[in-house]
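# Topology and contacts: notes
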Amino acid sequence: MEDVLKAVETELNGSGSIVGYRGMWQRLVNDHNLVIDKETVRHILEIVDPEGVELRSRHRLRQRQYRGKGPNYIWHVDGYDKLKPFGFCVHGCIDGYSRRILWVEVGTTNNDPAVTAKYFLEYIRSIGGVPCIMHADNGTENVTMAAIQRFFRREALKK
C-alpha cells in the first residue's frame, strides 16, 4: 500500500493532478506496474486529494492553455484508424497556431512511411516552407516524415 501512496503522490505532483480516479488507476497499472482495483484508487484519492476530487467532480479544473508562437511554427500530424475496416485510411495535419487544417488525405494506407511523407512533401512544396516543429506520435508511419523535417530544419539553420 505504501508503494501505491507514493505513486499517487508522485502523479498528483505532476500531470496526474487533472485526471480522475480511472485515469489515475490506469497510470498506476501501466506506468508504476502496480496491481490495484479502481475502487481503492478512488478511496485513496478522496483521502489524499479531497480538494482535487471536489474540483474534478464539479468540472472546475482549469485546463492548460495551448499557445503556438505563430503560423507554421508547429504542425500536428496524425492518422485516423477508425474507418480502416471500411477501406478509408485518413491522415491529416493542422497548424498549431491557427488551427488551420493543412491537409486531410484519404488513401489505401496511412501506415506506410512513404505515403505519409508524400503528403508532407506535397504540402511543403505547395507553400515553400517547413514548420519549426513537427508534432507526431511515435508510430512507424512518421519515421520518414521526421527524417525529412530534420533535414530541412538543419538546412534552414545553416542559412
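In what follows, the structure referred to is the one given above.
All of the points below concern the structure found in this document.

Thresholds applied
- Residues numbered from 1 in each chain as written.
- Predicted model: local features only at pLDDT ≥ 70, side-chain atom pairs only at ≥ 80, totals over all residues.
- Heavy atoms only, no water.
- 1 Å grid on protein atoms, 1.4 Å probe; cavity = no way out; pocket = protein on both sides within 12 Å on 5 of 7 lines; lining within 4 Å.
- Points joined across faces, edges and corners; volume = space filled by probe spheres on them.
- Core = buried A, V, L, I, M, F, W, Y, C linked by side-chain atoms within 4.5 Å.
- Buried < 20%, exposed > 50% of the residue type's maximum accessible area, 1.4 Å probe, protein only.
- Helix = DSSP H or I, 4+ residues; strand = E, 2+ residues; numbered from the N terminus.
- Lys, Arg positive; Asp, Glu negative; His and termini not counted.
- Salt bridge = Lys/Arg side-chain N within 4 Å of Asp/Glu carboxyl O.
- Polar contact = N/O pair within 3.5 Å; in protein donor to acceptor, adjacent residues only side chain to side chain.
- Contact = heavy atoms within 4.5 Å.
- Pairing = 2+ DSSP bridges.
- Axes fitted to C-alpha atoms, helices over the stretch in contact; angles between N-to-C directions.

Now for the layout of surface pockets. What the largest pocket holds in volume is close to 190 Å³. Around the largest pocket, the lining residues are Gly20, Tyr21, Arg22, Arg42, Leu45, Glu46, Val53, Arg56 and Ser57.

Turning our eyes to something else, we now look at the nonpolar core. Counting 13 residues, the largest nonpolar core has Trp75, Val77, Cys93, Leu102, Trp103, Phe120 and Met134 as its most contacted members. Going through the elements one at a time, β1 (74-80), β3 (101-107), α5 (113-127) and α6 (143-158) are the ones with two or more residues in this core. Per element, the largest residue contribution to this core is five residues, and it comes from α5. Of all hydrophobic cores here, the second largest spans twelve residues; its members include Ala7, Val8, Leu34 and Leu45.

Tracing the backbone shows Asp95 in strand β2 (residues 89-95). Buried and unpaired, Asp95 has Arg99 as its nearest opposite-charge partner, separated by 7.3 Å. Here Ser98 takes part through its side chain, which lies 2.9 Å from a polar atom of the side chain of Asp95. In contact with Asp95, other than residues within four places in its own chain, are Gly70, Pro71, Asn72, Tyr73, Ile74, Trp75, Arg100 and Leu102.

Once that is clear, we can look at the sheet that holds β2. Spatially, β3-β2-β1-β4 is the arrangement adopted by the four strands of the open sheet, whose pairing is mixed. What marks the edges here is a single partner per strand, and that holds for β3 and β4 (133-135). Adjacent strand axes in the sheet meet at a mean angle of 15 degrees, parallel and antiparallel pairs treated alike. With three bridges joining them, β1 and β4 adopt parallel strand pairing.

Take the pattern of salt bridges next. Applying the stated rule across the entire model yields five salt bridges. Between Arg42 and Glu39 there is a salt bridge whose closest N-O contact spans 2.4 Å. Taken together, the residues Arg42 and Glu39, both in helix α3 (residues 38-48) and three residues apart, mark about one turn of the helix. Since its relative accessible area comes to 36%, Glu39 is described here as partly exposed. One salt bridge connects Asp81 with Lys84, and the closest N-O pair in it is separated by 3.8 Å.

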